[in-house]
Structures are given as C-alpha cells and as structure tokens.
Amino acid sequence: MVDLFDLMKQKRKKEARSRLNLLTIIHSKQMEEQDFKKFVHSLSTEAGMQEKQEFDRDRFEQLREMI
C-alpha cells in the first residue's frame, strides 16, 4: 500500500529542487542578496538538502592518523 503523504512529500522535494535550479538561473540578479539567501535556504530546507558543513582540519588529522 502506498502512503499518500510520503508521495506528496517526495513530490514537494522534487518541485523545490526544480524551483531552486530555476531560481539560480533566472532570479539571482533580480533579487536583493539577503532576500535571495533566505529564499534559497527555504527551498533547500523544503527539498531536504542539508546545509554545507565546514571542513574540520583537526578531525581530518585524527582520521588520517587512524589509517
């Protein structure tokens, strides 16, 4: 049995990703920078994308020592 809520959630994610792609192509020059960042963040969240994490040099060195 198919869960309609899961299907709708997947469809919203797909549409959000599509709108995010279109946004970067079309609207990036027309919006104020702060508004653009807020809009991109909201679409990224809706699309289920995680925020980019900063590189942790200390953790990298720890992993490197383990090898």
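Everything that follows concerns the structure shown earlier in this document.
In what follows, the accompanying structure is described. Everything quoted here is computed from the prediction, not taken from an experiment.

**What to know about the overall build of the protein**
Across its full length, the protein carries 3 helices and 0 strands. Its helices and strands in sequence order give the protein the pattern α-α-α, from N to C terminus. Looking at the protein as a whole, 10% of its 67 residues qualify as buried. As displayed, the protein offers around 6800 Å² of accessible surface, 54% of which is attributable to carbon and sulfur atoms.

**Looking at a nonpolar patch on the surface**
A surface patch of nonpolar side chains, about 300 Å² in accessible area, is lined by Val2, Leu4 and Leu7. Within the element layout of this structure, Leu4 appears in helix 1 (residues 4-26).

**Observations concerning helix 2 (residues 33-46)**
The end-to-end C-alpha distance of helix 2, which contains 14 residues, comes to 20 Å, matching closely the 20 Å that a straight helix rising 1.5 Å per residue would cover. Taken as a whole, helix 2 has its buried residues at Phe36, Leu43 and Ser44. Down the axis, helix 2 shows its buried residues gathered within 100° of arc, on one side only. Opposite its buried face, helix 2 presents the exposed residues Gln34, Lys38 and Thr45, each directed more than 90 degrees away. One or two positions beyond helix 2, positive phi appears at Gly48, with a value near 80°.

**Here we look at the environment of Leu20**
Note that Leu20 resides in helix 1. Relative accessible area serves as the criterion here: at 10%, Leu20 is assigned to the buried category. Sequence spacing of Leu20 and Val40 is 20 residues, and the spatial spacing of their C-alpha atoms is 6.7 Å. Aside from chain neighbours lying at most four places away, what touches Leu20 is Val40, Leu43, Ser44 and Met49.

**Points about the nonpolar core**
One recurring pattern in soluble globular proteins: nonpolar side chains tend to sit buried together. Judged by nonpolar contacts, Ala16, Leu20, Leu23, Phe36, Leu43 and Ala47 together constitute the single largest core of 6 residues. Within the residue set of this core, elements represented by two or more residues are helix 1 and helix 2. The biggest single contributor to this core is helix 1, with 3 residues. Once you skip the residues sitting within four places of it in the chain, Leu43 turns out to touch Ala16, Arg19, Leu20 and Leu23.

Definitions and cut-offs
- Residues numbered from 1 in each chain as written.
- Predicted model: local features only at pLDDT ≥ 70, side-chain atom pairs only at ≥ 80, totals over all residues.
- Heavy atoms only, no water.
- Helix = DSSP H or I, 4+ residues; strand = E, 2+ residues; numbered from the N terminus.
- Buried < 20%, exposed > 50% of the residue type's maximum accessible area, 1.4 Å probe, protein only.
- Areas by Shrake-Rupley, 256 points an atom, 1.4 Å probe, with all protein chains shown as cover.
- Patch = residues over 30% accessible without salt bridge, like charges linked within 9 Å, V, L, I, M, F, W, Y side chains within 5 Å.
- Salt bridge = Lys/Arg side-chain N within 4 Å of Asp/Glu carboxyl O.
- Expected span 1.5 Å × (residues − 1).
- Arc of directions from axis to C-beta.
- Contact = heavy atoms within 4.5 Å.
- Core = buried A, V, L, I, M, F, W, Y, C linked by side-chain atoms within 4.5 Å.

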